[in-house]
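In case you want the letters, here they are:
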Amino acid sequence: MDPLVRGLERFLGCTHDDANASAADAVFAYLRHPERFDARQSTLWNFLNQIARRRAHDSHRSRTARTKREKNPLTIVEVHPPAPKDGVEGFAIARDLLKRLEERIEKARLPQRDIAGLRVIVLHEGRVPAKEMAEALGLSHLPPGERLHEVRRNTERLRRLLRSLWMEDSDVDS
């Protein structure tokens, strides 16, 4: 396992623990199903190395997605749910945060179409239906391919804007 661990650390930049876990997963995957290895296609080293690299990549992708999800203001309630006894207090805090966010949006003097797009993002908790966003942004008249491109571009722009407005609000609280 040592050569696998060193290879993962060197080429993928994994931490020692992540590389060790990925290498162990590769060895156990081979031991569970040795019939999947075909000596005519590759060497055992390449077979194990490929499994270990895929596991390390999946682990990295999962960790990155988790970090991104935890930083997203739209999922803060899902990631850090309040305690049941604090339900009423949590609701009041969330209402105050949304009220301050609404005030920041008003102070930014955004165009109505941007406000409508932000409303779609918040109402759908980040999972934005393309058709509804196109209607909110006034892009329904475009051909389907161009409309989808413009919806995606504007959605990302509005998410960044919402995130920055949220972060400004969070900085005030700190």
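To start, this report covers the structure provided alongside it. (Residues numbered from 1 in each chain as written. Predicted model: local features only at pLDDT ≥ 70, side-chain atom pairs only at ≥ 80, totals over all residues. Heavy atoms only, no water.)

Quick look at helix H1 (residues 2-12)
- Regarding H1, the residues found buried are Leu4, Val5, Gly7 and Leu8. One side of H1 holds all its buried residues, which, seen down the axis, span an arc of 165°. The exposed set on the far side of H1, more than 90 degrees from its buried face, consists of Asp2 and Arg10.
- Once H1 ends, the next one or two residues include glycine 13, with phi positive near 70°. (Buried < 20%, exposed > 50% of the residue type's maximum accessible area, 1.4 Å probe, protein only. Helix = DSSP H or I, 4+ residues; strand = E, 2+ residues; numbered from the N terminus. Arc of directions from axis to C-beta.)

Observations concerning the nonpolar core
- Residues Leu101, Ile105, Leu118, Met133, Leu139 and Leu158 are the most contacted members of the largest nonpolar core, which totals 17 residues.
- Beyond its immediate stretch of four places on either side in the chain, isoleucine 105 contacts Leu110, Ile115, Leu118 and Leu165.
- Counting 13 residues, the second largest nonpolar core, distinct from the first, contains Leu8, Ala29, Phe47 and Ala52. (Core = buried A, V, L, I, M, F, W, Y, C linked by side-chain atoms within 4.5 Å. Contact = heavy atoms within 4.5 Å.)

A closer look at the packing of aromatic side chains
- Counted by the stated rule, this structure contains three aromatic pairs.
- The interplanar angle of 75° and the centroid separation of 6.3 Å between the aromatic rings of tyrosine 30 and phenylalanine 47 together place this pair among those described as edge-to-face. Of this pair, tyrosine 30 sits in helix H2 (residues 16-32) while phenylalanine 47 sits in helix H3 (residues 44-71), and the two are 17 residues apart along the sequence.
- The exposure class of tyrosine 30 is partly exposed, given its relative accessible area of 22%.
- Accessibility expressed as a relative area gives 14% for phenylalanine 47, which makes it buried.
- By way of ring pairs, the aromatic residues Tyr30, Phe37 and Phe47 are connected into one cluster. (Phe/Tyr/Trp six-rings, centres within 6.5 Å; stacked < 30°, edge-to-face > 60°.)

What to know about H2
- Compared with an ideal rise of 1.5 Å per residue, which puts 17 residues at 24 Å, H2 spans 24 Å between its outermost C-alpha atoms and is within 8% of the ideal.
- Burial in H2 covers these residues: Ala19, Ser22, Ala23, Ala24, Ala26 and Ala29. (Expected span 1.5 Å × (residues − 1).)

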